[in-house]
Amino acid sequence: MDALFDLPEPVTPEQAVIAHYCLSDEQYGSPAEREAIYNAERALSAAVADAGVGEVDGNEFGGGEAVLYAYCADAEALFKIMEPTLRSLPFRLAHVVLRRESRETESRVDL
């Protein structure tokens, strides 16, 4: 078949769960805080993979904050899998942004 007529499959809009945690300093947090985030990221990756609802895409540190990123087709379903681990982290202030199809459909959950 001619490549001109090989249309890609429709893409399901990507949704996201983005968790934000305040750290103990204005930079990258303490070594223990970073280790807790890394351990949570590994646990989240395993839980999300086992549930088959999306993928954990990594973390970001800086400005006194740690952020964990996960992407999926259904932010609510992904958050249900991630919520116990996200709530178990000791850092506060903390919140999660559930991003649905666009920034206009975001919601915030305080942890």
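The shown structure was predicted, so the numbers you read here are calculated from the model rather than taken from an experiment.

A. The arrangement of the overall build of the chain in detail. Secondary structure assignment for the chain yields two helices and five strands. Mapped from its N terminus to its C terminus, the chain presents α and β elements in the order β-α-β-β-α-β-β. Put simply, the chain has 111 residues, and 34% of those count as buried. Counted over contacts in the chain with a minimum sequence separation of 6, partners at least 24 positions apart contribute 61%.

B. Main features of the side chain of His20. You can see His20 is positioned in strand S1 (residues 15-22). The contacts of His20, once residues within four sequence positions are left out, are Glu65, Ala66, Val67, Leu93, Ala94, His95 and Val97.

C. Expanded view of the packing of helix H1 (residues 31-51) against helix H2 (residues 75-88). At a closest axis distance of 10 Å, the pairing of H1 and H2 adopts a crossing angle of 150 degrees. Taken together, the axis directions place H1 and H2 in an arrangement best described as roughly antiparallel. Our pair here, H1 against H2, has a crossing hand that is right-handed. The segment H1 lies against H2, with Ala40, Ala43, Leu44, Ala47, Val48 and Ala51 engaging Leu78, Ile81, Met82, Thr85 and Leu86. Class assignment for the residues of the contact of H1 with H2 results in ten nonpolar, one polar and no charged.

D. Region of interest: the environment of Arg99. As for its position among the elements, Arg99 is in strand S4 (residues 94-99). The sequence separation of Arg99 and Ala75 amounts to 24 residues, and the corresponding C-alpha distance is 6.7 Å. Non-local contacts of Arg99, meaning those with residues more than four positions away in its chain, are made with Gln15, Ala16, Ile18, Ala75 and Glu106. A polar atom in the side chain of Arg99 sits 2.7 Å from the side chain of Glu106.

E. Region of interest: the nonpolar core. Counting residues in each nonpolar core, the largest one holds 25 residues, and the members touching the most others are Val17, Tyr21, Ile37, Met82, Leu86 and Val96. If you list the elements that add at least two residues to this core, you get S1, H1, strand S2 (54-62), strand S3 (65-72), H2 and S4. A per-element tally of this core places H2 first, with five residues. With residues up to four places along the chain from it excluded, the contact list for Ile37 reads Tyr21, Asn59, Phe61, Ala66, Leu68, Leu89 and Phe91.

F. Examining the pattern of salt bridges more closely. Inspection of every chain in the model, using the stated rule, returns five salt bridges. Where Arg42 meets Glu35, a salt bridge forms, and the shortest distance between an N and an O atom there is 3.5 Å. By relative accessible area, Glu35 is classed as partly exposed at 39%. Note that Arg87 and Glu83 form a salt bridge whose closest N and O atoms lie 2.8 Å from each other. Here Arg87 pairs with Glu83, and both are found in helix H2, just four residues apart, close to one helical turn. On the basis of relative accessible area, Arg87 is assigned to the partly exposed category, the value being 37%. Residue class for Glu83 comes out partly exposed when judged on its relative accessible area of 24%.

Conventions adopted
- Residues numbered from 1 in each chain as written.
- Predicted model: local features only at pLDDT ≥ 70, side-chain atom pairs only at ≥ 80, totals over all residues.
- Heavy atoms only, no water.
- Helix = DSSP H or I, 4+ residues; strand = E, 2+ residues; numbered from the N terminus.
- Buried < 20%, exposed > 50% of the residue type's maximum accessible area, 1.4 Å probe, protein only.
- Contact = heavy atoms within 4.5 Å.
- Axes fitted to C-alpha atoms, helices over the stretch in contact; angles between N-to-C directions.
- Parallel < 35°, antiparallel > 145°, perpendicular 65-115°, else oblique.
- Left-handed = near helix turned anticlockwise from the far one by under 90°.
- Nonpolar A, V, L, I, M, F, W, Y, C, P; charged D, E, K, R; others polar.
- Polar contact = N/O pair within 3.5 Å; in protein donor to acceptor, adjacent residues only side chain to side chain.
- Core = buried A, V, L, I, M, F, W, Y, C linked by side-chain atoms within 4.5 Å.
- Salt bridge = Lys/Arg side-chain N within 4 Å of Asp/Glu carboxyl O.

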